[in-house]
Amino acid sequence: MSTRKFAAVAVGMTLALSLAACGGEGAGSGTDTDTGGDTGSSGEESEGGLIGVSMPTQTSERWIADGDAVKAGLEEAGYEVDLQFAGDDIPTQSQQIDQMITKGAEALIIAAIDGTALASQLQAAADAGIPVIAYDRLIRDSENVNFYVTFDNFNVGVQQATSLLVGLGVLNADGSEGTATGPFNIEVHAGSLDDNNAHFFFAGAMETLQPYIDSGVLTIPSGKTEIEQVAILRWQQEVAQKNMEDVLTAAYNDGTPLHGVLSPFDGASRGIITALQNAGYGSADKPMPVITGQDAEIASVKLIADGVQFSTIFKDTRKLADQAVVAAEAYLSGEEPEANDTETYDNGVKVVPSYLLESDIVYADNIEALLVDSGYYTAEEVAAGQTS
Ligand code: GAL
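Residues numbered from 1 in each chain as written. Predicted model: local features only at pLDDT ≥ 70, side-chain atom pairs only at ≥ 80, totals over all residues. Heavy atoms only, no water.

Colleague: How should the packing of aromatic side chains be read in this particular structure?
Modeller: One pair of aromatic rings is described through two measures. These are the centre distance and the angle between the planes. Taken as a whole and judged by the stated rule, the model has seven aromatic pairs. With a centroid separation of 4.9 Å and 85° between ring planes, the pair formed by Y148 and Y345 is classed as edge-to-face. Taken as a pair, Y148 in strand 6 (residues 147-151) and Y345 in the loop between helix 10 (317-332) and strand 12 (354-357) lie far apart in primary sequence, 197 residues in all. Aromatic pair F314 and Y376: ring centres 4.6 Å apart, planes at 70°, arrangement edge-to-face. Highlighted residues: F314 in strand 11 (residues 312-314) and Y376 in the loop between helix 11 (367-372) and helix 12 (379-384), separated in sequence by 62 residues. Its relative accessible area of 5% is what places Y376 among the buried residues. A connected cluster of aromatic rings, assembled from ring pairs, spans Y148, F200 and Y345. (Phe/Tyr/Trp six-rings, centres within 6.5 Å; stacked < 30°, edge-to-face > 60°. Helix = DSSP H or I, 4+ residues; strand = E, 2+ residues; numbered from the N terminus. Buried < 20%, exposed > 50% of the residue type's maximum accessible area, 1.4 Å probe, protein only.)

Right, dumping it as structure tokens:
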């Protein structure tokens, strides 16, 4: 796999789907209380048939935005939609998909909680001739996944690490070498091991950081460099906070400075920030380290605007939702959706044809250009740290 340091900037708005994310979370407010829920089908007469949309959780605002955008796009295209959130509970997601099949869904769009846990549902779908589209997260170990819509996940990791290097001054924002030579102390975190994406993000990030670790510009004082040592189960904010607290206790209690933290996801970043604030970081003599993220969640965008978090990765959920709708429409018209990658995503049984989108690094100085000018958020929402 090649290391592409900078993805093409793809800010164009190709869609008029409404983004209906709700509820921001502050740096310390993470909860895991969503219990799954039926947001109902459209209830309107539709000629296009029923499509089941299974999302992992409502804890993170991105999945609410994804679910709403997919539902709106499908309804606009004339389909009826059964949208379900599974409360990050694997049996709940399995049951919800079983019910979608029983209700007569003609296609399934699934963002899996555990990419390996849906084999029997997928077999039932295949037996009923229902095409399955994996949404953002690859469904693994099954023949019965027809298509995958996602982002260039390896490159997301490259972008996360690149932004960390930019924050430290090792690189300039344009990718050229910066003037800072360190040595800098950093710590790394990774997502949930049962999510295929977590491995791609971490691989992309570590491949980017490795030359600087080898040359001594970067050091990882905790010694935790393997994904198994730094994974955050279910991407939870509380787990990220605990992991960061453990690292601070083990490697920084003697006054060792911490300069940078690779965080895989904005919710995790907020947990990490809480751990750091509780340990006194964010003051003049103990500045907040450079902290990365992912998803451009509104609460974290505000933290970036306020100079607390350094960067995030913007993955335009409107474009992903649009690709899922395009793929579903293709299947229901008896066609194959168009893939732009047929090599990268081997799910253990087969290479799943994929449509990959590009992502962008968000820094304080391009929030407006990337997120406001594209209509993803309003300037008021960024200022408030929550969607209206
Ligand atoms: C991943 C996804 C990320 C982030 C994370 C936690 O699968 O690609 O964008 O949302 O889950 O929800």
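Colleague: Explain the site of the ligand to me, please; I cannot follow it from the model alone.
Modeller: Inspection of the region around the ligand gives R62, W63, D136, R137, D195, N197, F201, W235, F265, Q294, D295 and K315 as its neighbouring residues. Taking R62, its side chain carries an N or O atom lying 2.7 Å from an oxygen atom of the ligand. With respect to the ligand, the side chain of N197 contributes an N or O atom lying 2.9 Å from an oxygen atom. Protein chains bury 98% of the 300 Å² of accessible surface belonging to the ligand in isolation. If you list the elements that add at least two residues to the shell around the ligand, you get helix 1 (61-76) and helix 5 (196-214). Considered class by class, the residues forming the shell around the ligand number four nonpolar, two polar and six charged. Two domains each donate at least three residues to the shell around the ligand, and these are domain 1 (31-151 + 317-357) and domain 2 (153-314 + 379-384). (Near = heavy atom within 4 Å. Polar contact = N/O pair within 3.5 Å; in protein donor to acceptor, adjacent residues only side chain to side chain. Areas by Shrake-Rupley, 256 points an atom, 1.4 Å probe, with all protein chains shown as cover. Nonpolar A, V, L, I, M, F, W, Y, C, P; charged D, E, K, R; others polar. Domains from an automatic or database assignment.)

Colleague: Looking at this structure, I do not really get the layout of surface pockets. What am I missing?
Modeller: Vacant regions in the atomic arrangement are exposed by a probe of water-molecule size rolled over the atoms. When its volume is computed, the largest pocket comes out at roughly 230 Å³. T256, P257, L258, Y281 and K286 are, among the 15 residues lining the largest pocket, the residues nearest its centre. Looking at side-chain class alone, the lining of the largest pocket contains nine nonpolar, four polar and two charged residues. (1 Å grid on protein atoms, 1.4 Å probe; cavity = no way out; pocket = protein on both sides within 12 Å on 5 of 7 lines; lining within 4 Å. Points joined across faces, edges and corners; volume = space filled by probe spheres on them.)

Colleague: Can you help me understand the sheet that holds strand 9 (residues 260-262) in this one?
Modeller: Within a sheet, adjacent strands bond to each other through the backbone by hydrogen bonds, running parallel or antiparallel. Strand order in the open sheet made by the four strands is 8-7-9-10, with parallel pairing throughout. Two strands bound the open sheet, and with one partner strand each, they are strand 8 (218-219) and strand 10 (290-291). Pairing analysis gives two bridges linking strand 7 (residues 184-188) to strand 8, with the strands arranged parallel. Paired with F184 across the strands is L218, a residue of strand 8. (Pairing = 2+ DSSP bridges.)

Colleague: I keep staring at the pairing of strand 5 (residues 132-135) and nothing clicks. Help me out?
Modeller: Two faces belong to every sheet, and in a regular strand the side chains alternate between them. Burial of the side chains of strand 5 extends over both faces: V132 and A134 are buried on one face and I133 and Y135 on the other. In the classification by handedness, the crossover that spans strand 4 (residues 107-110), the intervening helix 3 (residues 119-127) and the parallel strand 5 is right-handed. One ladder, built from three bridges, connects strand 5 with strand 6; its direction is parallel. In the strand pairing of strand 6, Y135 is matched with V149. (Right-handed = clockwise from strand over helix to strand, strands pointing away.)

Colleague: Looking at this model, I keep getting lost on the pattern of salt bridges. Mind explaining?
Modeller: Pairing is possible between side chains that carry opposite charge, provided their charged atoms lie close to one another. Counting across every chain of the model gives twelve salt bridges. Of the charged contacts in the structure, one is a salt bridge between E75 and K71, with a shortest N-O distance of 3.3 Å. Of the two residues, E75 and K71 are both situated in helix 1; the distance of four residues between them amounts to about one turn of the helix. The partner of R137 in a salt bridge is D195, and the shortest N-O contact between them spans 2.8 Å. Here R137, found in the loop between strand 5 and strand 6, pairs with D195, found in the loop between strand 7 and helix 5; they are 58 residues apart in sequence, far enough to count as distant. (Salt bridge = Lys/Arg side-chain N within 4 Å of Asp/Glu carboxyl O.)

Colleague: What should I look at first to understand the packing of helix 1 against helix 10 in this one?
Modeller: In helix packing, the relevant descriptors are the interaxial angle and the interaxial distance, both defined with respect to the helix axes. Closest axis-to-axis distance for the helix 1/helix 10 pair is 9 Å, and the angle between their directions is 40°. Taken together, the axes of helix 1 and helix 10 are oblique relative to one another. When you trace helix 1 past helix 10, the crossing you get is right-handed. Between helix 1, through R62, A65, D66, A69, V70, G73 and L74, and helix 10, the contact on the second element is made entirely by T317, L320, A321, V325 and A328. The residue inventory of the contact of helix 1 with helix 10, partitioned by class, reads eight nonpolar, two polar and two charged. (Axes fitted to C-alpha atoms, helices over the stretch in contact; angles between N-to-C directions. Parallel < 35°, antiparallel > 145°, perpendicular 65-115°, else oblique. Left-handed = near helix turned anticlockwise from the far one by under 90°. Contact = heavy atoms within 4.5 Å.)

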